[in-house]
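# Geometric and topological summary
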Amino acid sequence: MGMPITVEIVDIEADQSDLDGVFDYFDSVDQRFSTYKKDSEISRVNRGLTESKWSDEMKEVLELCQQTKNETDGFFDIRHEKQRDPSGLVKGWAIQNAAELLERQGFQNYYVDAGGDIQTKGVNTKDQPWQVGLRNPFNRDEVIKVLAVSGEAVATSGLYIRGPHIYNPHDPKDELAAVASLTVVGPSIFDVDRFATAAYAMGPQGISFIEARPDLEAYSVGQNGLATMTSGFERYVNHA
């Protein structure tokens, strides 16, 4: 799906085969859900593949996309110009499944990063919480905040890296110019990723949407350079 993937397992019993298993899983997700591959299942669905021939994974993801649309008052919508693109949910879903794969193998300390969206557990090689830097959307070489997370997930939505790929379903002409980036933190990368996408599509009101969800926190940078954060975000910031 056109994104770099990084996996780090700190537990001493981990070996290359454990990493290979995670990357093989991500490859299978790419083969099924990439809208860039003409022979992927999602491409065939968009060309009219009948629902009876959909895989269980496809049915699950598309049902979750509909659920998310309902939960976000329609701001998360995978249909655009008569095509389905579940990428805004698939990435977090796949990271969560990869983390669960590591969990089933008994690992307690790991970091899974796909395209900048991250699920952590335990501690890093220094026996400390994982450190996640938030980039300045106006200068990608600058880190404006460092988060210390252990068991939490982090996802950022914005147009400054991939260009226009998020839209407001209620107003497709909306250029989403008010918010430069929106970072969401919470226990589950699945929720963090999908709700970050929806909240970004909401524009300046997205931060209030995240504030209303008790398990999530967010940090938003406006195009004017001003930052806004939810009431509990500060607890994740590393001030060292």
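Just above sits the structure.
The following refers to the structure shown. Please read all numbers here as calculations on a predicted model, not as lab measurements. (Residues numbered from 1 in each chain as written. Predicted model: local features only at pLDDT ≥ 70, side-chain atom pairs only at ≥ 80, totals over all residues. Heavy atoms only, no water.)

## A look at the packing of aromatic side chains
For any pair of aromatic rings, the description consists of the separation of the ring centres together with the inter-plane angle of the planes. What the rule picks out here adds up to five aromatic pairs. Measuring from centroid to centroid gives 5.6 Å for F33 and W93, while their planes differ by 75°, and the two rings are edge-to-face. Of the two residues, F33 is situated in helix 1 (residues 16-33) and W93 in helix 4 (residues 87-104); the sequence distance between them amounts to 60 residues. For the pair F33 and W93, one class covers both residues: buried. A cation over a ring is seen here: R213 above F195, with NZ or CZ 4.1 Å from the ring centre. (Phe/Tyr/Trp six-rings, centres within 6.5 Å; stacked < 30°, edge-to-face > 60°. Helix = DSSP H or I, 4+ residues; strand = E, 2+ residues; numbered from the N terminus. Buried < 20%, exposed > 50% of the residue type's maximum accessible area, 1.4 Å probe, protein only. Lys NZ or Arg CZ within 6 Å of the ring centre and 35° of its normal.)

## What about unusual backbone geometry?
Glycine aside, residues mostly have negative phi, and peptide bonds are mostly found in the trans state. Backbone geometry at E81 places phi at a positive 55°, although glycine is not the residue there. On the secondary structure map, E81 appears in the loop between strand 2 (79-80) and strand 3 (83-84). A positive phi angle is found at D127, which is not glycine, with a value near 60°. Considering the arrangement of structural elements, one finds D127 in the loop between strand 5 (117-121) and strand 6 (130-136). Looking at D127, the relative accessible area reads 61%, which means it is exposed.

## Here's the deal with the sheet that holds strand 9 (residues 179-186)
Sheet architecture is open: seven strands sit in the order 1-4-5-8-9-10-11, paired in antiparallel fashion. A single partner strand is all that each edge strand has here, and the edge strands are strand 1 (5-9) and strand 11 (227-229). Taking the axes of each pair of neighbouring strands and ignoring which way they run, one obtains an average angle of 10° across the sheet. Where strand 5 lies against strand 8 (residues 153-158), two bridges are found, and the strand directions are antiparallel. If you follow I118 over to strand 8, its bridge partner there is V154. Against the sheet, helix 5 (residues 189-201) makes contact with strand 5, strand 8 and strand 9, and its axis sits at roughly 20° relative to strand 8, the strand it touches most. (Pairing = 2+ DSSP bridges. Axes fitted to C-alpha atoms, helices over the stretch in contact; angles between N-to-C directions. Contact = heavy atoms within 4.5 Å.)

## Quick word on helix 1
With 18 residues, helix 1 should reach 26 Å at 1.5 Å per residue; the first-to-last C-alpha distance of 26 Å fits that figure. Restricting attention to buried positions, one finds in helix 1 the residues D18, V22, F26, V29, D30 and F33. Taken end-on, helix 1 shows its buried residues confined to a sector of 125°, consistent with a single buried face. Among the structural elements, strand 1, helix 2 (41-46), helix 3 (56-71), helix 4 and strand 4 (110-114) are those in contact with the buried residues of helix 1. (Expected span 1.5 Å × (residues − 1). Arc of directions from axis to C-beta.)

## Description of the environment of I210
Among the secondary structure elements, I210 is positioned in helix 6 (residues 206-211). Spatially, the C-alpha atoms of I210 and A196 are 8.2 Å apart, while their sequence positions differ by 14 residues. For I210, the residues in contact, after removing those within four places along its chain, are V184, F195, A199, L216, E217, A218 and T230.

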